[in-house]
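Given next are the chains, with one letter for each unit.
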Amino acid sequence: MSNKGLDYETLNENVKKVQYAVRGELYLRASELQKEGKKIIFTNVGNPHALGQKPLTFPRQVVALCQAPFLLDDPNVGLVFPADAIERAKHYLSLTSGGLGAYSDSRGLPGIRKEVAEFIGRRDGYPSDPELIFLTDGASKGVMQILNTIIRGEKDGILVPVPQYPLYSAAIALFGGSLVPYFLEETANWGLDVNNLHSSVAQARSKGITVRAMVIINPGNPTGQCLSEANLKEILHFCDQQNLVLLGDEVYQQNIYQDERPFISARKVLMDMGPPISKELQLVSFHTVSKGYWGECGQRGAYFEMTNIPPETVDEIYKVASISLSPNVPGQIFLGLMVNPPKPGDISYLQFMRESKGILESLRRRAQIMTDGFNNCRNVVCNFTEGAMYSFPQIRLPPKAIEAAKKAGKVPDVFYCLKLLEATGISTVPGSGFGQKEGVFHLRTTILPAEEDMPAIMESFKKFNDEFMEQYEDHRGYSRM
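Worth saying up front: this structure is predicted, and the values here are computed from it rather than measured.

Chemist: Tell me about the overall build of the protein chain, and please be specific about residues and values.
Modeler: The secondary structure content of the protein chain amounts to 18 helices and 14 strands. Here the C-alpha radius of gyration of the protein chain, 23 Å, is about what a compact globule of 481 residues would show, namely 23 Å. The principal-axis extent of the C-alpha atoms belonging to the protein chain is close to 75 × 65 × 55 Å. Each of the 481 residues in the protein chain was classed as buried or not, and the buried ones make up 56%. Residue pairs in contact within the protein chain that sit at least 24 positions apart in sequence constitute 73% of those at least 6 positions apart. Surface exposure of the protein chain reaches about 20800 Å², of which carbon and sulfur atoms provide 53%. The averaged location of the 54 negative side-chain charges in the protein chain is 3 Å from the averaged location of its 50 positive side-chain charges.

What follows is the structure, encoded as structure tokens:
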């Protein structure tokens, strides 16, 4: 019998090449164990509300009113909702062509794109053009849209930091391009050495690959580092010299847990550098409501902003966005609220500040608890999480454990993470899912479990790790950097 169009053997080979470790073998096993009744702590994905983070009150009030506009006609609405939430809901409804159930422009509602542009202007000190801002269903959709536009075939390469967020390796594989890795330096707190960039590009070109773009993730995922202004300048100079588009994944810009290296956008540094580079270097920047102290992952609200992209290219990106008709409208409103939150003097301001500050301060404490917890474990070393939502400890696996993993047909860090899951219910992601240097092993966990649960989780991890090391340790040495 002849093969049908959706038989596995006849599928697009690029689809088969896609791997996405965050929802991979560990996640599937965790889901099985959960069905069997085991308590699972899903620290595999940055999903704050799933781990108990409460939604911010004001944005939910506004969106509730937008979703049920008949409430605005109720004479008692002011008894339940604050006046500024009522006013803002009316504002957002006035921007739509028929409420939340109507399509918006394929780039997003013009009024919300204007709010995003004003936010970027305040943040960076330079005006932003709403016509160069596209709203998307989560930042991942925006990243995929831009990569799809850049990649023409397997000889087109994208420079991606390793360890990297698997969205990039998966999307590059799906679109038939080539991932060109540049390694971050763990011993320098996951710093970026420009010399590594030059050698990565040279190596790729020797294989006939045209490197067309570079990705930075700032703050880093899974590594949690924040790029300094000096580092960003080096990166921008490098992209300018090499004629690369810079893709700035800045979705964790609110998640900063130290004061030495505050977040600074690639766009601000580029504009500060002045002409000619500020007028020539092509930059696309991404932000979302899914992270920060908002954590509204399920709402799928995000944007990307284009800098120095030719108008004809912007038109092509708009054309492709139009195939999907419209980004989801509630997500757009969440985005508008994120970039234009309550201001001093507004009725909801104090509560909004109390809630958001409380979340960020707790995340800062959790980052420290987790880093200290890992560093108190046998054969585990962990850099401090400067930003984002993750710890990425190195696990120095004894040779016997590596041998046992090979016998079981598993990558060593997958073997370790599966054992951890079975023993404790803690669902993590093995470092091999993000890329790492040969012979070095890690895992990624979020810092999102509730603060009151964190000491018990770290104690559970320590107990498992001690027993694992005792079982496999032979005192002949370990995997190490």
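Here the narrative resumes.
Chemist: Now, about the sheet that holds strand 8 (residues 302-307): what can you tell me, with residues and values included?
Modeler: Taken in spatial order, the seven strands of this open sheet run 2-8-7-6-5-3-4, and their pairing is mixed. The two strands at the open ends of the sheet, each matched to only one other strand, are strand 2 (133-136) and strand 4 (178-183). Neighbour-to-neighbour, the strand axes of the sheet open up by a mean angle of 20 degrees, direction not taken into account. With four bridges joining them, strand 2 and strand 8 adopt antiparallel strand pairing. Bridge pairing links Ile133 to Glu305 in strand 8. Lying on the sheet, helix 10 (residues 229-242) is in contact with strand 3 (156-162), strand 5 (210-217) and strand 6 (245-249); it crosses strand 5 at an angle near 165 degrees. Packing against the sheet, helix 13 (residues 311-322) makes contact with strand 2 and strand 8, and its axis sits at approximately 20 degrees to strand 2.

Chemist: So what's going on with the sheet that holds strand 10 (residues 390-391)? Residues and values would help.
Modeler: The strand order across the open sheet built from three strands is 10-14-13, with neighbouring strands paired in antiparallel fashion. Edge positions in the sheet fall to strand 10 and strand 13 (429-430), since each of these pairs with one other strand and no more. Contacts between helix 15 (residues 349-375) and the sheet are confined to strand 10 and strand 14 (443-446), with strand 14 contributing the most and set at about 150 degrees to the helix.

Chemist: Explain the side chain of Asn255 to me, using residue names and the numbers behind them.
Modeler: Take Asn255: it is sitting in the loop between strand 6 and helix 11 (266-273). What makes Asn255 buried here is its relative accessible area of 0%. Here Asn255 is in contact with Pro219, Lys291, Gly292, Leu360, Leu363, Glu386, Gly387, Ala388 and Met389, once residues within four sequence places are set aside.

Chemist: Explain empty space enclosed by the protein to me, using residue names and the numbers behind them.
Modeler: In total, this model carries two cavities of 30 Å³ or more according to the counting rule given. The calculated volume of the largest cavity comes to roughly 80 Å³. Around the largest cavity, the lining comprises 14 residues; the ones closest to its centre are Pro161, Tyr182, Leu184, Ile217 and Gln225. Residue composition of the lining of the largest cavity, by class: nine nonpolar, five polar and no charged.

Chemist: Explain helix 8 (residues 166-174) to me, and be specific about the residues and the numbers.
Modeler: Where burial is concerned, most of helix 8 is hidden: seven out of the nine residues are buried. Close packing links the buried residues of helix 8 with helix 1 (13-17), helix 7 (139-150), strand 3, strand 4, strand 5 and strand 6. At the exit of helix 8 stands Gly176, carrying a positive phi of roughly 80 degrees.

Chemist: Just give me the short version of the packing of aromatic side chains, but keep the residues and values in it.
Modeler: Per the stated rule, a full pass over the model turns up 16 aromatic pairs. A centroid spacing of 5.7 Å and a plane angle of 85 degrees characterise the contact between Tyr252 and Tyr390, whose relative ring orientation is edge-to-face. Residue Tyr252 is located in the loop between strand 6 and helix 11, and its partner Tyr390 is located in strand 10; the two are separated by 138 residues in the primary sequence. Between Tyr293 and Phe352, the ring centres sit 6.3 Å apart and the planes meet at 75 degrees, which makes this aromatic pair edge-to-face. Residue Tyr293 is found in the loop between strand 7 (283-288) and strand 8, and its partner Phe352 is found in helix 15; the two are separated by 59 residues along the sequence. For the pair shown, Tyr293 and Phe352 are each scored as buried. Seen from the ring of Tyr8, Lys16 lies directly overhead, with NZ or CZ sitting 4.3 Å from the centre.

Chemist: Quick one: what's the story with the layout of surface pockets, residue by residue and with numbers?
Modeler: Each pocket or cavity is described by its volume, and for the largest pocket that value is around 620 Å³. Broken down by secondary-structure element, the contributors of at least two residues to the lining of the largest pocket are helix 7, helix 8 and strand 7. The dominant element in the lining of the largest pocket, judged by the number of residues it contributes, is helix 8, at five residues. Of the residues contributing to the lining of the largest pocket, the split by class is 19 nonpolar, seven polar and five charged.

Chemist: I'd like a description of the packing of helix 9 (residues 194-206) against helix 10, backed by residues and values.
Modeler: Following both chains from N to C, one finds helix 9 and helix 10 inclined at 25 degrees, their axes separated by 10 Å at the closest point. Judged by the inter-axis angle, helix 9 sits roughly parallel to helix 10. Crossing hand, helix 9 versus helix 10: right-handed. Between helix 9 and helix 10, the contacting residues are Val194, Leu197, His198, Val201 and Arg205 on the first element and Glu234, Phe238, Gln241 and Gln242 on the second. Looking at side-chain class alone, the contact of helix 9 with helix 10 contains four nonpolar, three polar and two charged residues.

Chemist: Go over the state of the cysteines with me, naming the residues and quoting the values.
Modeler: Here is the idea: a disulfide is a covalent bond, and it sits between the sulfur atoms of two cysteines. Tallying each qualifying case throughout the model produces zero disulfides. Considering cysteine sulfurs only, Cys226 is the nearest to Cys239, which forms no disulfide, with 19 Å between them. Sulfur of Cys417: no disulfide; nearest cysteine sulfur belongs to Cys382 and is 13 Å away.

Chemist: Go over the side chain of Ser391 with me, naming the residues and quoting the values.
Modeler: Considering the arrangement of structural elements, one finds Ser391 in strand 10. Overall, Ser391 belongs to the buried group, its relative accessible area being 0%. Side chain to side chain, Ser391 and Thr385 meet in a polar contact 3.4 Å long. What Ser391 contacts, discounting residues up to four positions off in sequence, is Pro222, Met370, Thr371, Phe374, Cys382, Thr385, Leu443, Arg444, Thr445 and Ile447.

Chemist: Report on the nonpolar core, specifying residues and quantitative values.
Modeler: Counting residues in hydrophobic clusters, the biggest one holds 83 residues, and the most contacted among them are Val116, Ile333, Tyr416, Phe461 and Phe468. The element best represented in this core is helix 18 (residues 454-472), accounting for eight residues. With 34 residues, the next largest nonpolar core counts Met214, Leu244, Val269 and Phe434 among its residues.

Quick notes on the rules
Throughout, residues of each chain are indexed from 1 in the direction in which the sequence is written. Whole-chain, interface and lining totals are the exception, using all residues; otherwise, since this is a predicted model, local features are given only for residues with pLDDT of at least 70 and side-chain atom pairs are given and counted only at 80 or more. Derived side-chain values reflect all non-hydrogen atoms in the structure, with water molecules and hydrogen atoms excluded from consideration. Put simply, DSSP marks the helices as runs of H or I at least four residues long and the strands as runs of E at least two long, and each gets a number from the N terminus on. Atoms counted for the radius of gyration: C-alpha only. Globule rule: 2.2 Å times residue count to the power 0.38. Note on exposure labels: buried denotes an accessible area under 20% of the residue type's maximum, exposed denotes more than 50%, and partly exposed covers the range between, all computed with a 1.4 Å probe on protein chains only. Contacts are assigned to residue pairs with any non-hydrogen atoms lying within 4.5 Å of each other. Areas reported here follow the Shrake-Rupley algorithm with a probe of radius 1.4 Å; residue values treat only the protein chains shown as occluding. Charge convention: Lys and Arg are scored as positive, Asp and Glu as negative, and His as well as the terminal groups of each chain are ignored. Charged groups are reduced to one reference atom each: NZ for lysine, CZ for arginine, CG for aspartic acid, CD for glutamic acid. Here a strand pair is declared whenever DSSP counts at least two bridges between the two strands. Under this scheme, a helix contributes an axis fitted over its contacting stretch, all axes are lines through C-alpha atoms, and angles between N-to-C directions fall in the 0 to 180 degree range. Whether a set of points on the 1 Å grid over the protein atoms alone is a cavity depends on a 1.4 Å probe fitting there but being unable to get out, while an open set qualifies as a pocket with protein on both sides within 12 Å along at least five of seven lines; lining residues are those with an atom within 4 Å of a point. Grid points are joined across faces, edges and corners, and a volume is the space filled by probe spheres set on the points. Classes in brief: Ala, Val, Leu, Ile, Met, Phe, Trp, Tyr, Cys and Pro nonpolar; Asp, Glu, Lys and Arg charged; the others, Gly included, polar. Aromatic pairs are defined between Phe, Tyr and Trp rings, using the six-membered ring for Trp, whenever the two ring centres lie within 6.5 Å; interplanar angles under 30 degrees are classed as stacked, those over 60 as edge-to-face, and all others as tilted. Note on criteria: charge over ring means Lys NZ or Arg CZ within 6 Å of the ring centre, with the direction from the centre no more than 35 degrees off the ring normal. Orientation labels follow simple angle bins: below 35 degrees gives roughly parallel, above 145 gives roughly antiparallel, 65 to 115 gives roughly perpendicular, and whatever is left gives oblique. What makes a crossing left-handed is the near helix being turned counterclockwise from the far one by less than a right angle; a clockwise turn instead makes it right-handed. Disulfides are defined as cysteine sulfur pairs within 2.5 Å. N or O atoms within 3.5 Å of each other form a polar contact, as long as, within protein, one can give a hydrogen and the other can take it, and as long as residues adjacent in sequence are counted only when both atoms are side-chain atoms. Residues belong to a common nonpolar core when they are buried Ala, Val, Leu, Ile, Met, Phe, Trp, Tyr or Cys residues joined through side-chain atoms within 4.5 Å.

Purely geometric stuff here, so don't read any function into it on its own.
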